[in-house]
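Listed here are the chains, written in short residue letters.
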Amino acid sequence: MQIIRQLECVQLDAVASVARNQHLVLAARVPGYQPEILNDLLAEGQLFEYWANAACTIPMEDYPKFEATRLRFQNQSKVELDKLGSVVDDVLDKLQIDGPLPSRAFKAENRVHGAWDNKSPKTKETSHALNQLLDAGIIRVVRRVGGERFFDLTERTIPKNLLKEAEKMDSIESNEALLEKYIRAYRVFDAGDPRLGWQKMSAAQRREAITKRVENGAIIPLEMDDVHRQYYILAEDLDALKKHEQFTPKGESSTEDVPIRFLPPLDNLLWRRERLADLFDFSYKWEVYTPKAKRKYGYYAMPILAGDCLVGRIDPGLDRENQHLNIRLLQLEHSVNMTPNLRRNLKEAIESFAAFHQAQTITIEQAMQDVRIF
């Protein structure tokens, strides 16, 4: 919970080339982490799932801050919920009587156009109702078993004091609180981010919000050599920045003997691709939606973080039945010098990654730049 609060939220994703994004984010930061821990925190009511940077798991105490977001999604979902009519009533009645329930507990003959249906309708109308009710904040995910979600009514699963606090919060107050949460999550941010504040803001509104905070001293503009984009930090982070600058003089960042972590495609550090290019001189694209023939680094390529440097990518796949981790690609940036220490640390990081996934064997299918680990 301490790490999730520090991150502000952790993005959820269903892609499972290896463990899912939310678990990889936490495993990279919490020694000994296992997916059951996050599932337990959700079931215990310490977390709730909703829309922040995207679908995220969020500390429960932040529930009121998302009131304006819920109202916006309720307005967006109204047309679909009205079209579903009695199906919505049936879903809510069943949850009221028997909840929490998974999607498979609801039977439906009809198929409708769901979020991922491009041509013909393939989504059960009850599943579509669940998704619309979820977006509207009328129901929520109260636990997960593996990849399966269990739904229940929001009004009886959120602490009463938080429900009352949310009811009292107007949209302006809610959006301001959400913007502050965004700033704490990103720490280093720019006005050009269309996701600023995790709400619908025009470019002018984003600039105005930042200017107001600069003028009242809450945030500080940064000047960076060779970076033309204007970045900002919280004023409270200035001492930490100066300390880092003091102990890591320019040009002395090293990958020689530092911890190595593999970051999933939706890791908090990777949210703003422009920031990666500006601050880390690292270009990254998640190629999951890129046709296979056009992929450069792979379906689930994960950036490799060595200390404070992004040094390459690893594209892992897990054969769960045979407990085997296959590294489809291991690639280091051309500027990275493969020293014996870096080779050892990289080998240990891959072995630790395999152990987290309970893999007994490892293969490296392709290694670019002649990176020999095993």
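Right, let's walk through the structure included here. Only a predicted model underlies this, so the values are computations on that prediction, with no experimental measurement involved. (Residues numbered from 1 in each chain as written. Predicted model: local features only at pLDDT ≥ 70, side-chain atom pairs only at ≥ 80, totals over all residues. Heavy atoms only, no water.)

1. Brief notes about the packing of aromatic side chains
At step 1: Under the criterion given, the structure shown has 14 aromatic pairs.
At step 2: Between Tyr 186 and Trp 271 the ring centres are 5.3 Å apart and the planes differ by 45°, which places this aromatic pair in the tilted class. With Tyr 186 in helix H8 (residues 171–186) and Trp 271 in the loop between strand S12 (260–262) and helix H11 (273–280), this residue pair connects regions lying 85 residues apart in the sequence.
At step 3: For Tyr 186, a relative accessible area of 4% gives the class buried.
At step 4: Between the aromatic rings of Trp 286 and Tyr 300, the centroid separation amounts to 6.0 Å while the plane-to-plane angle is 80°, which identifies the pairing as edge-to-face. In this pair, Trp 286 is assigned in the loop between H11 and strand S13 (302–306) and Tyr 300 in the loop between H11 and S13, connecting sequence segments 14 residues apart.
At step 5: Assessed through its relative accessible area of 0%, Tyr 300 is described here as buried.
At step 6: Three or more aromatic residues joined by ring pairs form one cluster here, namely Phe 48, Tyr 50, Trp 51, Tyr 63, Phe 66 and Phe 73.
At step 7: Sitting over the ring of Tyr 63, Arg 70 keeps its end group 3.7 Å from the ring centre. (Phe/Tyr/Trp six-rings, centres within 6.5 Å; stacked < 30°, edge-to-face > 60°. Helix = DSSP H or I, 4+ residues; strand = E, 2+ residues; numbered from the N terminus. Buried < 20%, exposed > 50% of the residue type's maximum accessible area, 1.4 Å probe, protein only. Lys NZ or Arg CZ within 6 Å of the ring centre and 35° of its normal.)

2. A few points about the nonpolar core
Among soluble globular proteins, nonpolar side chains are generally buried collectively.
At step 1: Leu 95, Phe 262, Ile 304, Leu 330 and Leu 346 are the most contacted members of the largest nonpolar core, which has 67 residues in total.
At step 2: Take this core: its biggest share by element is seven residues, from helix H12 (residues 340–356).
At step 3: Phe 73, Leu 178, Trp 198 and Met 201 belong to the second largest nonpolar core, which has 31 residues in total. (Core = buried A, V, L, I, M, F, W, Y, C linked by side-chain atoms within 4.5 Å.)

3. Quick word on helix H4 (residues 67–84)
At step 1: The end-to-end C-alpha separation of H4 is 24 Å, in line with the 26 Å expected for 18 residues at 1.5 Å each.
At step 2: Remark: the principal bend of H4, roughly 45°, maps to Ser 77.
At step 3: For H4, the full list of buried residues reads Glu 67, Ala 68, Thr 69, Arg 70, Phe 73, Ser 77, Leu 81 and Leu 84.
At step 4: Along its buried surface, H4 packs onto strand S2 (47–51), helix H5 (86–98), helix H6 (125–135), helix H7 (160–168) and H8.
At step 5: Gly 85 sits one or two residues past H4 and shows a positive phi near 55°. (Expected span 1.5 Å × (residues − 1). Bend = angle between axes of the 7 residues up to and from the residue. Contact = heavy atoms within 4.5 Å.)

4. Section: the sheet that holds strand S1 (residues 10–11)
At step 1: Across the sheet, which stays open at both edges, the three strands sit in the order S1-S3-S2 with antiparallel pairing between neighbours. Only two strands of the sheet have a single partner each, and these edge strands are S1 and S2.
At step 2: Pairing between S1 and strand S3 (residues 55–59): two bridges, direction antiparallel. Looking across to S3, one finds that Gln 11 is bridged to Cys 56. (Pairing = 2+ DSSP bridges.)

5. Let's talk about H12
At step 1: In a regular helix each residue adds 1.5 Å, so 17 residues correspond to 24 Å; H12 covers 24 Å between its end C-alpha atoms and thus fits that length.
At step 2: Looking only at H12, the buried set comprises Leu 342, Asn 345, Leu 346, Ala 349, Ile 350, Phe 353, Ala 354 and Phe 356.

6. Topic: the pattern of salt bridges
At step 1: Counted by the stated rule, this structure contains 24 salt bridges.
At step 2: Note that Arg 213 is salt-bridged to Glu 180, the shortest N-O span being 2.8 Å. With a gap of 33 residues between them, Arg 213 in helix H9 (residues 203–215) and Glu 180 in helix H8 connect regions that are remote in the sequence.
At step 3: Residue Arg 213 is classed as buried on the basis of its relative accessible area of 3%.
At step 4: Of the charged contacts in the structure, one is a salt bridge between Arg 328 and Asp 315, with a shortest N-O distance of 3.0 Å. With Arg 328 in strand S15 (residues 324–332) and Asp 315 in strand S14 (residues 309–319), this pair connects stretches of sequence that are 13 residues apart.
At step 5: We classify Arg 328 as partly exposed; its relative accessible area is 26%.
At step 6: A relative accessible area of 4% means that Asp 315 is categorised as buried.
At step 7: The network of salt bridges with common partners includes Glu 8, Asp 62, Lys 65, Lys 181 and Arg 184. (Salt bridge = Lys/Arg side-chain N within 4 Å of Asp/Glu carboxyl O.)

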